[in-house]
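Reading the structure
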Amino acid sequence: KQEVTQIPAALSVPEGENLVLNCSFTDSAIYNLQWFRQDPGKGLTSLLLIQSSQREQTSGRLNASLDKSSGRSTLYIAASQPGDSATYLCAVKNTGFQKLVFGTGTRLLVSP
Amino acid sequence: DAGVIQSPRHEVTEMGQEVTLRCKPISGHNSLFWYRQTMMRGLELLIYFNNNVPIDDSGMPEDRFSAKMPNASFSTLKIQPSEPRDSAVYFCASSLAARFGVRRDSGNTIYFGEGSWLTVV
């Protein structure tokens, strides 16, 4: 059974810092991995999707990497801004299944 | 595109009442998912449909929960009778899965609605 863990559970940084969020999964037979952002009282917004054959994906100040063999993914946020404050969730899709298995998220606070 | 549309956004109901949550997926998407989010358990998949057919309902908590998708543009999640432990945010999501078989995977992005916040008192 796939289990997804995110560390840290919460992170508080001053504006401008570069930061890394971590995601680990127990079953390396994944099809893809997605990073989502969730603002309070809102749904989830997909940030980046990495296929199992890829090593990383980039979008603006965000970079996500994937190491299938070690069961890990990182989300790198460069030059953080207060508007980046949100909960970040990673989710994996195993090969042969449609369902996403979510981590419990990292709650990020970027202070001005 | 309007995105995934859910209603109601907020509902407060008394224990024992029937609750119906509604979802309109993104036009053209053929996979629809119902998730539940709580502080204790995070995001859990309840059920998903592919081409209007329920594929995996193993996450549905018990017989009080039922879901239907009568057509490609509408789905409901019903709780009858509701209980206080059903209080949660219920998300609907949709994606465009590969058309060569309902069991095959798609790498396509999944899009979430804004959720229905349910409180059962």
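This text follows the structure it describes.
All of the points below concern the structure found in this document. (Residues numbered from 1 in each chain as written. Chains lettered and ligands numbered in written order. Predicted model: local features only at pLDDT ≥ 70, side-chain atom pairs only at ≥ 80, totals over all residues. Heavy atoms only, no water.)

1. A short note on the state of the cysteines
Residue and element names in this part refer to chain A. Where we set the bar: The disulfide criterion is simple: two cysteine sulfur atoms within 2.5 Å. Helix and strand assignments come from DSSP, with helices taken as H or I runs of at least 4 residues and strands as E runs of at least 2, each series counted from the N terminus. Think of it in three bands: with a 1.4 Å probe and only protein chains considered, a residue is buried below 20% of the maximum accessible area for its type, exposed above 50%, and partly exposed in between.
Tallied over the entire structure, the rule returns two disulfides over all chains. One disulfide in the model links Cys 23 with Cys 90; its S-S distance is 2.0 Å. In this structure the cystine formed by Cys 23 and Cys 90 twists about its S-S bond by roughly 75 degrees; its chirality is therefore right-handed. Of this pair, Cys 23 sits in strand E3 (residues 19-25) while Cys 90 sits in strand E9 (residues 86-94); the two residues are 67 residues apart in sequence, bridging distant segments of the chain. Exposure remark for Cys 23: the relative accessible area of 2% places this residue in the buried category.

2. Some details on the sheet that holds strand E8 (residues 74-79) of chain B
Residue and element names in this part refer to chain B. The line we're drawing: Pairing between strands is defined by DSSP: at least two bridges between the two strands are required. Note on geometry: axes are C-alpha line fits, over the in-contact stretch for helices, and angles between N-to-C directions span 0 to 180 degrees.
The strand order across the open sheet built from four strands is E1-E3-E8-E7, with neighbouring strands paired in antiparallel fashion. In this open sheet, the two strands that pair with only one neighbour each are strand E1 (5-7) and strand E7 (65-71). Averaged over all adjacent pairs, the angle separating strand axes in this sheet is 15 degrees, with direction ignored. Direction of pairing for strand E3 (residues 19-24) relative to E8: antiparallel, over a ladder of five bridges. The residue of E8 that forms the bridge with Cys 23 is Ser 75.

3. Some words on the interface of chain B and chain A
Stated formally: Should any heavy atoms of two residues lie within 4.5 Å, those residues are counted as being in contact. Two parts lose some accessible area (1.4 Å probe) when they are put together, and adding that loss for both gives the buried area. A pair is scored as a salt bridge if a Lys or Arg side-chain nitrogen falls within 4 Å of a carboxyl oxygen belonging to Asp or Glu. The definition of a polar contact used here is a pair of N or O atoms within 3.5 Å, where within protein one atom must be able to donate a hydrogen and the other to accept one, and adjacent residues in sequence count solely through side-chain atom pairs.
Every contact between the two is made by 25 residues of chain B and, on the other side, 22 residues of chain A. Together, the buried faces of chain B and chain A total about 1,800 Å²; carbon and sulfur atoms form 52% of this surface. Joining chain B to chain A, the criterion identifies one salt bridge. With a closest N to O distance of 3.8 Å, Lys42(A) and Glu114(B) form a salt bridge. On inspection of chain B and its partner chain A, the count reaches three residue pairs in polar contact (both at pLDDT 80 or more).

4. Some remarks on the sheet that holds strand E8 (residues 72-77) of chain A
All names here are of chain A. Ordered in space as E1-E3-E8-E7-E6, the five strands form an open sheet in which the pairing is antiparallel. A single partner strand is all that each edge strand has here, and the edge strands are strand E1 (4-7) and strand E6 (56-59). Averaged over all neighbouring strand pairs, the angle between strand axes comes to 15 degrees, with direction disregarded. Sheet topology note: the strand E7 (residues 62-67)/E8 ladder contains six bridges and is antiparallel. Residue Leu 62 lies in a different strand from E8, and its bridge partner there is Ile 77.

5. As for the pattern of salt bridges
The tally for this structure, following the rule as stated, stands at twelve salt bridges over all chains. Beyond isolated ion pairs, a larger network of salt bridges with shared partners links Glu62(B), Arg64(B), Glu83(B), Arg85(B) and Asp86(B).

6. Topic: unusual backbone geometry
Trans peptide bonds make up most of the peptide bonds, and negative phi angles are found at most residues other than glycine. Geometrically, the link from Ser7(B) to Pro8(B) is a cis peptide bond, its omega value of -10 degrees lying close to zero. Along the chain, the position of Pro8(B) falls in the loop between E1 and strand E2 (10-13). In the segment running from Gln80(B) into Pro81(B), the intervening peptide bond is cis, with an omega of -5 degrees. Residue position: Pro81(B) is located in the loop between E8 and strand E9 (88-95). Positive phi outside glycine occurs at Ala79(A), with the angle close to 45 degrees. Note on placement: Ala79(A) falls in the loop between E8 and E9. Although it is not a glycine, Asn52(B) sits at a positive phi angle of roughly 75 degrees. Owing to a relative accessible area of 27%, Asn52(B) belongs among the partly exposed residues under this scheme.

Shape is all these values report; function is a separate question.
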